[in-house]
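Below, each chain spelled out in residue letters.
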Amino acid sequence: DQRFWPRMSLSSPSSSSSSPSTTASTTPERSNSQKQRVVLGVSGGVDSSAAAVELQRRGYDVVALFMHNWDELDETGHCSGENELKDARRVCEALGIEMHEVNFVKEYWELVFQRMLAMYEAGTTPNPDVWCNREIKFKLFLEHALEQLGGDYVATGHYARLQRADGDGRVALLAGTDTERDQTYFLCSVQRDAFRRVLFPIGDMTKEQVREIARDAGLHHVADKKTSVGLCFVGKRDFPTFLKQYQEPAPGWFVDGETGKRLQEHSGFSLFTVGQSSRISGQPDKMYVAYKDRASKDIVVVRGSHHPGLYSSALDATEFNWLVHPGELRFPMRCLVRTMYRQELRPCTVKALKTDNTSSSSSSSSASSLLSMVEEQTEEAQTDVTQHADLRVDFEQPQRAVAPGQYVVLYDMDGQRCLGGGMIKSHELADENMLGQFQRALELSRRPPVDEKKVRLARKLEKRRLQRLRREEQRRNREEQHHRSGYYR
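If you're wondering where the values come from, they're calculated on a predicted model, not measured in any experiment. (Residues numbered from 1 in each chain as written. Predicted model: local features only at pLDDT ≥ 70, side-chain atom pairs only at ≥ 80, totals over all residues. Heavy atoms only, no water.)

A. Main features of the sheet that holds strand E1 (residues 37-41). Judged by pairing direction, the sheet is parallel, and its five strands sit side by side in the order E3-E2-E1-E4-E7 without closing on themselves. With one partner strand each, in any of the chains shown, strand E3 (98-103) and strand E7 (198-199) form the two edges of the open sheet. Here five bridges tie E1 to strand E2 (residues 61-68), and the two strands are oriented parallel to one another. If you follow Arg 37 over to E2, its bridge partner there is Asp 61. Sheet strands in contact with helix H1 (residues 46-57) are E1, E2, strand E4 (153-155) and E7, and its direction is about 170 degrees off that of E1. (Pairing = 2+ DSSP bridges. Helix = DSSP H or I, 4+ residues; strand = E, 2+ residues; numbered from the N terminus. Contact = heavy atoms within 4.5 Å. Axes fitted to C-alpha atoms, helices over the stretch in contact; angles between N-to-C directions.)

Structure follows, in structure tokens:
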């Protein structure tokens with residue numbers, strides 16, 4: 001479908017549709033007879049390999065670029081980055097593609113990894129994959145590809161689609177055809193203008209189709225390669241062990257959300273997120289994280305995966321990045337929402353929380369933010385609101401495990417177009433009594449521990465005292481009856 005591909009021409013795209021600027025001093029000169037050049041981000045996986053084949057099939061001049069974003073020299077037992085580089089080189093050699101390398105280790109550390117550590121320490125659950133796309137892949141990588149390698153476009157192996165409008169250069173981010181692998185959730189924070197110079201060659205394919213393309217191209221060493229998982233550019237790790245290399249564990253207690261009883265010490269405050277299951281010794285059922293107290297590092301847990309304390313009715317989001325033109329927005333707005341990857345889309349209503357225009361777009365708004373419901377305003381007013389506003393999202397049905405630090409992503413009512421996304425700042429529990437209950441449970445847990453032996457002894461002594469009192473009362477009653485009957489006369 002040509003809606004998802006730019007018009008093929010022998011000249012480069014006009015500068016008016018370019019997001020990053022290109023200069024004559026850094027961009028190699030090419031004649032109008034050359035093909036459009038696409039710089040493809042390669043990772044040594046099947047997705048980027050199939051993307052290379054598809055781009056060649058469509059007639060582009062493909063150049064590969066491998067990013068080094070993580071330094072594994074400080075770790076032991078992990079050499080996945082070197083293996084990925086070798087696989088990427090084999091793919092490029094097989095396809096006759098020129099491959100370059102670029103090092104963003106310092107930038108990744110400063111823009112993604114350090115922020116992730118800070119948020120974990122604060123007790124929230126960050127999403128570094130979202131920041132990696134925004135700060136590295138579709139900013140630094142994009143700039144390097146266009147300015148240093150003379151690319152007209154960049155491409156990646158994401159499962160997403162870009163629909164291009166004729167005339168005005170606008171690009172809409174659409175869900176990938178393979179709904180099980182749709183990655184628009186992780187692309188929600190990319191600046192919308194950047195997508196004008198981006199291609200997603202496999203966005204309309206399923207994973208099996210992607211593997212088949214690789215097999216047909218003779219790329220058997222990647223065709224059946226397992227899908228990569230884990231932290232962006234860091235890879236799969238034993239996360240608790242990995243995190244402890246960079247952050248001191250903050251121990252605390254698991255606290256029963258109903259009784260306030262301390263159940264068991266936990267291994268680290270940062271390692272748990274709202275909705276996560278936890279096996280606690282001595283408990284017949286799984287317990288689930290419902291509330292985290294930053295001050296004490298204690299974690300309130302509840303019984304059952306559908307406990308009312310795990311469901312939220314609304315949330316506030318900050319750092320919201322709109323992927324639609326401000327003129328298309330009208331608040332309050334009804335749309336679809338998800339608060340975690342692969343979650344089923346649910347209907348919601350969105351309102352703008354207007355904040356101080358002098359505050360940074362990357363900072364959280366104060367608790368006293370003025371609620372501003374914007375309806376049928378001018379485009380200029382709409383632009384002001386969307387640039388300096390947090391959002392309030394009210395769910396039509398309570399949503400489970402809404403975790404601060406994660407991202408809330410909005411879609412149109414068809415569930416196809418991604419409207420944008422922002423970081424979850426806070427949420428409201430559907431049962432308004434649950435928060436108070438959790439706070440009371442924490443208070444109870446902090447009372448001095450009870451000596452059970454002393455309690456049993458005290459109960460025994462109290463029982464004996466009551467027995468003596470009853471016997472004394474019985475004796476007095478008998479004497480009184482005897483006096484009344486003349487027994488002592």
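B. Molecular detail of the pairing of strand E6 (residues 171-175). Within E6, five of the five residues are buried, which leaves the element mostly enclosed by the surrounding structure. Note: strand E5 (residues 160-164) against E6, five bridges, orientation antiparallel. Bridge assignment links Arg 164 to a residue of E6, and that residue is Val 171. (Buried < 20%, exposed > 50% of the residue type's maximum accessible area, 1.4 Å probe, protein only.)

C. Summary view of the packing of aromatic side chains. Evaluation of the coordinates by the stated rule reveals 16 aromatic pairs. Geometrically, the ring pair formed by Phe 254 and Phe 272 is edge-to-face, given 5.3 Å between the ring centres and 85 degrees between the ring planes. Placement of the pair is Phe 254 in strand E8 (residues 252-256) and Phe 272 in the loop between strand E9 (262-266) and strand E10 (277-278), with a sequence separation of 18 residues. Taken individually, Phe 254 and Phe 272 each receive the classification buried, so the pair is uniform in this respect. A ring pair is formed by Phe 320 and Trp 322, whose centres lie 4.6 Å apart and whose planes are at 55 degrees; its orientation type is tilted. The residues Phe 320 and Trp 322 share a single accessibility class, namely buried. In textbook terms, an aromatic cluster arises when at least three aromatic residues are bridged by ring pairs, as seen for Trp 70, Tyr 108, Trp 109, Phe 113 and Tyr 246. The ring of Trp 131 has Arg 115 lying over it, and the distance from NZ or CZ to the ring centre is 4.4 Å. (Phe/Tyr/Trp six-rings, centres within 6.5 Å; stacked < 30°, edge-to-face > 60°. Lys NZ or Arg CZ within 6 Å of the ring centre and 35° of its normal.)

D. Structural detail: the side chain of Asp 87. Its place among the elements puts Asp 87 in helix H2 (residues 80-95). Accessibility expressed as a relative area gives 16% for Asp 87, which makes it buried. Setting aside residues up to four positions removed in sequence, Asp 87 forms contacts with Gly 44, His 221, Val 222 and Lys 225.

E. Molecular detail of the packing of H1 against helix H6 (residues 207-216). Between H1 and H6, the least distance of the axes is 9 Å, while the angle of their chain directions is 65 degrees. When you trace H1 past H6, the crossing you get is left-handed. Residue-level inspection shows Val 46, Asp 47, Ala 50 and Val 53 of H1 in contact with H6, the latter providing Lys 207, Val 210, Arg 211, Ile 213 and Ala 214. Looking at the contact of H1 with H6, its residues break down into six nonpolar, no polar and three charged. (Left-handed = near helix turned anticlockwise from the far one by under 90°. Nonpolar A, V, L, I, M, F, W, Y, C, P; charged D, E, K, R; others polar.)

F. Structural detail: the sheet that holds E8. With mixed pairing, five strands are arranged side by side in an open sheet as E9-E8-E12-E11-E10. Every other strand in the sheet has two partners, leaving E9 and E10 as the edge strands with one partner each. Where E10 meets strand E11 (residues 287-293), two bridges bridge the pair, whose relative direction is antiparallel. Bridge pairing in E11 places Ser 277 opposite Tyr 288. This element, helix H10 (residues 434-445), spans E8, E9, E11 and strand E12 (298-303) of the sheet and lies at about 80 degrees to E11.

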